[in-house]
Amino acid sequence: MSKYRILVVEDIHSIREAIKDILNRDYQVFDAENYDEAVHILSSEPIELVITDIRMPGKSGLDLIKTIQKDHPNVLYSLMTAYNINDYIKFAYEHNIWNIIPKYSFLDINLISVMVRKLLSKDIFGVEKYFGPDFILLEQERDGFSLPPENGVAFQKVNSDEERNYFCNRIAKYLIEKGAPNAVHQILEELTSNAMIRAPRDSKGNSKYQFELPSRDLLVPLENIQLADTDYFEIGYGIAENSYIIVVRDHFGSLNKKEILKRLDRHITVEDTSGLPAGLADSHGRGLYICREISDQLIFNIAKERKTEIIALLDKQTNKGYKSLSIYEV
């Protein structure tokens, strides 16, 4: 079986070599240090995925993405940058870019290898992909809170607002006692609210547990929700390696990757007239923005109309500052 062909475009030699070293194990890797070299390789080799730095001498990685979209529409692509990814959210929204990786003091090589595997294989679900082979997944029944495995995640089913509040409070208490920031409770509240209220849809695509007023961009949730048996969602929680972990899974896949970027952009972009974010008064979307700001990584995995999985990872040592953009859809 032939290996997938990947093109790494990066003007800093040490970073380019580091990425090649880890990807060479499983893929055929080509490299370029600027736009012109990359375009030449794309015209002469059947490349399947391009990973490009944004800022380079001459034309940028953003220019390269535009060229790929125009001349090589079947080639996958992602960006990486040492600068604030929030500065590129609007470009990502306008040009259908779903993955941007930050370069910290050096580079999060593990995140790149996981991203490549998910993009090429289309096997996108599973928090275990971000951890080593000893990571444990524990599926629980609905009989109250239980401790997660020492190196892994426990999942609990949730069928009502009452259960959601119980598990959010109990999980937050456990993680905070283990050293997680108090803001972990807000992540739990926001992601579970999305899974219980926003996600469930009927066969016509209408919300089941909220009223929608599209003309006013307004969503109004019902109170004291009791989900139908098939509308349950799951919360996963635990600690592994250097990360506190929260996973929320629903079985609707109604979250839209374009909508995610739209909402993030509205909360990042400041209006000239007011000096405030455009989305400040939005009735929804702010929660996802807050979760991304609190987390070191917020990862969206979506199977349209089937399943959504949102993974929040918080580094135990330090907050890394710049946030990756990780949205996968199959």
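Definitions and limits used
- Residues numbered from 1 in each chain as written.
- Predicted model: local features only at pLDDT ≥ 70, side-chain atom pairs only at ≥ 80, totals over all residues.
- Heavy atoms only, no water.
- Helix = DSSP H or I, 4+ residues; strand = E, 2+ residues; numbered from the N terminus.
- Buried < 20%, exposed > 50% of the residue type's maximum accessible area, 1.4 Å probe, protein only.
- Contact = heavy atoms within 4.5 Å.
- Polar contact = N/O pair within 3.5 Å; in protein donor to acceptor, adjacent residues only side chain to side chain.
- Phe/Tyr/Trp six-rings, centres within 6.5 Å; stacked < 30°, edge-to-face > 60°.
- Lys NZ or Arg CZ within 6 Å of the ring centre and 35° of its normal.
- Salt bridge = Lys/Arg side-chain N within 4 Å of Asp/Glu carboxyl O.
- Pairing = 2+ DSSP bridges.
- Axes fitted to C-alpha atoms, helices over the stretch in contact; angles between N-to-C directions.
- Core = buried A, V, L, I, M, F, W, Y, C linked by side-chain atoms within 4.5 Å.
- Domains from an automatic or database assignment.

As annotated in an unreviewed UniProt entry, the protein chain carries the name Response regulator and comes from Leptospira fluminis.

Novice: When you look at the environment of Ser 160 in this model, what are you seeing that I'm missing?
Specialist: If you trace the backbone, Ser 160 turns up in the loop between β7 (152–158) and α6 (161–177). Judged by its relative accessible area of 5%, Ser 160 is buried. Separated by 64 residues in sequence, Ser 160 and Asn 224 place their C-alpha atoms 7.6 Å apart. Look past the residues within four positions of Ser 160 in its chain and what remains in contact with it is Met 196, Ile 225, Gln 226 and Leu 227. Polar contacts involving the side chain of Ser 160 include one to the main-chain amide nitrogen of Glu 163, which spans 3.1 Å.

Novice: Teacher, can you tell me more about the packing of aromatic side chains here?
Specialist: As enumerated under the stated definition, the model contains 4 aromatic pairs in all. Taking 4.9 Å as the distance between ring centres and 10 degrees as the angle between the ring planes, the aromatic pair formed by Phe 131 and Phe 135 counts as stacked. Its relative accessible area of 11% is what places Phe 131 among the buried residues. Ring plane angle 65 degrees and centroid distance 5.0 Å describe the contact between Tyr 166 and Phe 167, whose orientation is recorded as edge-to-face. Overall, Phe 167 belongs to the buried group, its relative accessible area being 4%. Chaining the aromatic ring pairs together yields one cluster made of Phe 145, Tyr 174 and Tyr 237. Directly above the ring of Tyr 83 sits Arg 55, whose terminal nitrogen or CZ lies 3.7 Å from the centroid. In this arrangement the basic side chain of Lys 258 is found over the ring face of Tyr 93, its NZ or CZ atom lying 4.8 Å from the centre.

Novice: So what exactly am I meant to see when it comes to the pattern of salt bridges here?
Specialist: Pairs may arise between side chains of opposite charge once their charged atoms sit close together. Applying the stated criterion across every chain, the model contains 13 salt bridges. Its salt-bridge partner being Glu 189, residue Arg 164 comes within 3.3 Å of it at the nearest N-O pair. Of the two residues, Arg 164 is situated in helix α6 and Glu 189 in helix α7 (residues 184–198); the sequence distance between them amounts to 25 residues. Judged by relative accessible area, which is 8%, Arg 164 ranks as buried. The exposure class assigned to Glu 189 is partly exposed, which follows from its relative accessible area of 23%. Among the salt bridges present, the one from Glu 259 reaches Arg 263, with a minimum N-O distance of 2.7 Å. Residue Glu 259 and its partner Arg 263 are located together in helix α8 (residues 257–268), separated by 4 residues, close to a single helical turn. Its relative accessible area of 4% is what places Arg 263 among the buried residues. Look at the salt bridges and you will find they share partners, linking Arg 16, Glu 17, Lys 20 and Asp 31 into a network.

Novice: Even after reading the chapter, I still don't get the sheet that holds strand β6 (residues 136–139), so can you show me in this structure?
Specialist: Strand order in the open sheet formed by 12 strands is β2-β1-β3-β4-β5-β14-β12-β13-β11-β10-β7-β6, with mixed pairing between adjacent strands. Only two strands of the sheet have a single partner each, and these edge strands are β2 (28–32) and β6. Taken over all neighbouring pairs, the strand axes of this sheet differ in orientation by 20 degrees on average, direction set aside. As judged from the 2 bridges shared by strand β5 (residues 99–102) and strand β14 (residues 325–329), these two strands associate in the antiparallel manner. Counted as the bridge partner of Asn 99 is Ser 326 from β14.

Novice: It is not clear to me how the nonpolar core should be interpreted in this structure. Could you clarify?
Specialist: Here is a general trend for soluble globular proteins: nonpolar side chains tend to be buried in one another's company. Within the largest apolar cluster, 69 residues are counted, with the highest numbers of intra-cluster contacts made by Leu 7, Val 50, Ile 100, Leu 175, Leu 191 and Leu 325. In terms of residue count, the dominant contributor to this core is α7 (7 residues). In terms of domain composition, this core takes at least three residues from each of domain 1 (5–121) and domain 2 (128–329). Of all hydrophobic cores here, the second largest spans 37 residues; its members include Ile 15, Leu 23, Ile 51 and Tyr 130.

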